[in-house]
Amino acid sequence: MDWKIELVAIPVTDVDRAKDFYTGIGFNADHDHSPSEDIRFVQLTPPGSGCSICIGRGITEAAPGSVEGMQMVVSSAEKAYQQLIEAGVDATPVRDMGWGLFTFFSDPDGNKWAVQELPKYN
């Protein structure tokens, strides 16, 4: 049996601002529904990913900005860095950390993301 991680909740203070941020860096807005006035569920998926994030109201009790260690893998860390910079994101320059090339950024609430280009082994 496969066990797949398909959705991770990211706590935010302003749902619309966060949605604009994530779609601005290329995430697809899959769903935006409010089944009640206490709940708003927004699902966003990075291009090519089998796992999505959700933001919203009534989704998680975690403190906004408390998420660390979210990581995406890309074919080119430099291209990802350039895309983030062009979208106005304060990303770190790409650095080689021995187990891949990385750039790092945070969303408007301070949730921390890593973007990794896997090392090429011969």
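The name an unreviewed UniProt entry assigns to the chain is VOC family protein, from the organism Nocardia xishanensis.

Draft legend 1. Region of the structure containing the sheet that holds strand E1 (residues 7-9). Spatially, the four strands line up as an open sheet ordered E1-E4-E3-E2, and their pairing is mixed. Each edge of the open sheet carries a strand with a single partner, namely E1 and strand E2 (28-36). Each neighbouring strand pair of the sheet contributes to a mean axis angle of 25°, computed without reference to strand direction. Note: E1 against strand E4 (residues 52-57), three bridges, orientation parallel. Paired with Leu-7 across the bridge in E4 is Ser-52.

Draft legend 2. Representation of the UniProt feature "domain: VOC" (unreviewed entry) in the chain within the structure. Those places that UniProt annotates as "domain: VOC" (unreviewed entry) correspond, in this numbering, to residues 4-118. Structurally, residues 4-118 comprises 17% helix and 38% strand, and the distance from its first C-alpha atom to its last is 21 Å.

Draft legend 3. Representation of the environment of Gly-24. You can see Gly-24 is positioned in helix H1 (residues 15-24). On the accessibility criterion, Gly-24 (47% relative accessible area) is partly exposed.

Draft legend 4. Inspection of the packing of aromatic side chains at higher detail. Counted according to the given criterion, the structure contains eight aromatic pairs. Arranged with centres 5.2 Å apart and planes meeting at 45°, the rings of Tyr-22 and Phe-27 form a pair that is tilted. With relative accessibility at 6%, the residue Phe-27 sits in the buried group. What links up through ring pairs into an aromatic cluster is the set Phe-21, Tyr-22, Phe-27, Phe-105 and Trp-113.

Draft legend 5. Spatial organisation of the sheet that holds strand E5 (residues 70-74). Reading across the sheet, the four strands line up as E5-E8-E7-E6 and stay open at both edges, with mixed pairing between neighbours. At either margin of the open sheet sits one strand with a lone partner, and together these are E5 and strand E6 (95-96).

Draft legend 6. Geometry of the environment of Asn-111. Inspection of the secondary structure puts Asn-111 in the loop between strand E7 (101-106) and strand E8 (112-117). Exposure remark for Asn-111: the relative accessible area of 0% places this residue in the buried category. Apart from residues lying up to four places away in sequence, Asn-111 is in contact with Ile-10, Pro-11, Val-12, Gly-65, Ser-66, Val-67, Phe-105 and Ser-106. A polar atom in the side chain of Asn-111 sits 3.3 Å from the backbone nitrogen of Ser-66. A distance of 2.9 Å separates polar atoms of two side chains, one belonging to Asn-111 and the other to Asp-107.

Scoring rules and cut-offs
Residues numbered from 1 in each chain as written. Predicted model: local features only at pLDDT ≥ 70, side-chain atom pairs only at ≥ 80, totals over all residues. Heavy atoms only, no water. Pairing = 2+ DSSP bridges. Helix = DSSP H or I, 4+ residues; strand = E, 2+ residues; numbered from the N terminus. Axes fitted to C-alpha atoms, helices over the stretch in contact; angles between N-to-C directions. UniProt positions renumbered as here; feature names shortened; annotations may be inferred. Buried < 20%, exposed > 50% of the residue type's maximum accessible area, 1.4 Å probe, protein only. Phe/Tyr/Trp six-rings, centres within 6.5 Å; stacked < 30°, edge-to-face > 60°. Contact = heavy atoms within 4.5 Å. Polar contact = N/O pair within 3.5 Å; in protein donor to acceptor, adjacent residues only side chain to side chain.

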